[in-house]
Amino acid sequence: RGNTDGSVSWVMVFKSKGIFNRHTFGSYPDTGIDEAQERAITYRRKWKDEGLLPKEYDELIADKVKQDKKIKQANAITLRVLLDKYIFSRKGLGRGDGDATLRDEKNTVLSVWEPFLDTPIQKIDSNELLEHFFYWTSQRRSPQTGKPATEQAKKAVRYIKAIFNYAIDVLEILERNPAKKITAQ
């Protein structure tokens, strides 16, 4: 349909309850002819098979997009939340699930990986972790020996690697372990 301002819109005409209706669903060239044709076919199919008017179908799709966005945001778990889930999942497993062990594990992660605690785990970069690992070991000294606290840092790497593996294998919310690069060092 050509508009008075010179723009062109894609319009579908359909009959509902004996009345002709129009549904505008895009403008040219933003919506190409192939996409417009595809959408018109989908509208007709939904109308014929499910009784959904084009406007209702658009609202249904918009609601689904909003719901998917909410789910995606809910999946943006921070390292702090993941740590709590991981520690909770370890309780009652038998070996290595004592209160002191879990407290030490949590405190180690909280102290060494503090800058990443409120970062969504999907946004934690392996290079940033590696950089922080080297920075932390160069800045921290063991109170017993006065040497760099590399053992504490290595322990923190083991813990965070296990936490990310938990996110990958159990929660299935992560595809790769960003701490893997550190352990190769």
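Each residue is numbered by its place in its chain's sequence as written, counting from 1. At least 70 in pLDDT is required for a residue's local features to be given in this predicted model, at least 80 for side-chain atom pairs to be given and counted, and no such filter applies to totals for whole chains, interfaces and linings, which use all residues. Remark: hydrogens and water are excluded; side-chain values derive from all non-hydrogen atoms of the structure.

(A) Inspection of the environment of E114 at higher detail. Checked against the element boundaries, E114 lands in the loop between α4 (99–112) and α5 (126–139). Its relative accessible area of 49% is what places E114 among the partly exposed residues. Taking the C-alpha atoms as reference points, E114 and R80, separated by 34 residues in sequence, lie 9.0 Å from one another. For helices the rule is a DSSP run of H or I covering at least 4 residues; for strands it is a run of E covering at least 2, with both sets numbered from the N terminus onward. Burial classification: accessible surface area is computed with a 1.4 Å probe over protein chains only, and a residue below 20% of its type maximum counts as buried, one above 50% as exposed, and the rest as partly exposed.

(B) Examining the pairing of strand β1 (residues 8–16) more closely. Criterion used throughout: strands pair if DSSP finds at least two bridges between them. Two elements, β1 and strand β2 (residues 19–28), share eight bridges in a ladder whose sense is antiparallel. Looking at β2, one finds that F14 is bridged to N21. Where β1 folds back onto β2 in an antiparallel hairpin, the turn is made up of two residues, including K17, whose phi is positive at roughly 55°.

(C) Examining the pattern of salt bridges more closely. Each salt bridge in this description consists of a side-chain nitrogen of Lys or Arg and a carboxyl oxygen of Asp or Glu lying within 4 Å of one another. Scanning the entire structure with this criterion turns up seven salt bridges. Here K46 and E50 are joined by a salt bridge, their closest N and O atoms 3.1 Å apart. Pair noted here: K46 and E50 are both in helix α1 (residues 33–50), with a separation of four residues, about one helical turn. For the salt bridge of K154 with E151, the shortest nitrogen-to-oxygen distance reads 3.8 Å. Here K154 and its partner E151 are both found in helix α6 (residues 150–169), three residues apart, which amounts to about one turn of the helix. You can call K154 partly exposed: its relative accessible area is 43%.

(D) Region of the structure containing the side chain of S9. Mapped onto the elements of the fold, S9 is located in strand β1. By relative accessible area, which is 12% here, S9 ends up buried. In this structure, S9 is in contact with R1, N3, T24, G26 and S27, ignoring residues within four places of it in sequence. For this analysis, residues touch if any pair of their heavy atoms sits within 4.5 Å.

(E) Examining the packing of helix α3 (residues 79–90) against α4 more closely. Between the N-to-C directions of two axes lies an angle of 0 to 180 degrees, each axis being a line fitted to C-alpha atoms and, for a helix, fitted only over the stretch in contact. At a minimum axis distance of 11 Å, the contact between α3 and α4 shows a crossing angle of 165°. As summarised for this structure, α3 and α4 are arranged roughly antiparallel, according to the angle between their axes. In this structure, α3 meets α4 at a crossing whose hand is right-handed. On the side of α3, the interface is formed by R80, L83, D84, Y86, I87 and R90, while α4 contributes L102, E105, K106, V109 and L110. In terms of residue class, the contact of α3 with α4 is built from six nonpolar, no polar and five charged. Any angle that is under 35 degrees is reported as roughly parallel, and any over 145 degrees as roughly antiparallel; angles of 65 to 115 degrees are reported as roughly perpendicular and all others as oblique. In a left-handed crossing the near helix is turned counterclockwise from the far helix by less than a right angle, and in a right-handed crossing that turn is clockwise. Each residue gets one label: Ala, Val, Leu, Ile, Met, Phe, Trp, Tyr, Cys and Pro are nonpolar, Asp, Glu, Lys and Arg are charged, and the others, such as Gly, are polar.

(F) Highlighting α3. Helix length check: α3, at twelve residues, gives a terminal C-alpha distance of 16 Å against a target of 16 Å (1.5 Å per residue), a fit within 8%. Every buried residue of α3 is accounted for by L79, L82, L83, Y86, I87 and R90. Seen along its axis, α3 keeps its buried residues to an arc of 135°; they face one direction. The elements touched by buried residues of α3 are α4 and α6. One or two steps after α3, the chain reaches G92, where phi turns positive at roughly 85°. Take the residue count of a helix, subtract one, and multiply by 1.5 Å to get its expected span. By arc we mean the arc of the directions from the helix axis to the C-beta atoms, nothing more.

(G) Just the packing of aromatic side chains, in detail. Stacked, tilted and edge-to-face are the three classes assigned to paired rings of Phe, Tyr and Trp, where Trp is represented by its six-membered ring and a pair needs centres within 6.5 Å; plane angles under 30 degrees give stacked, over 60 edge-to-face, the rest tilted. In total, this model carries seven aromatic pairs according to the counting rule given. Ring geometry for Y86 against Y166: centres 5.6 Å apart, planes inclined by 70°, an arrangement best described as edge-to-face. In this pair, Y86 sits in helix α3 while Y166 sits in helix α6, placing the two residues 80 residues apart along the sequence. In textbook terms, an aromatic cluster arises when at least three aromatic residues are bridged by ring pairs, as seen for F25, Y43 and Y57.

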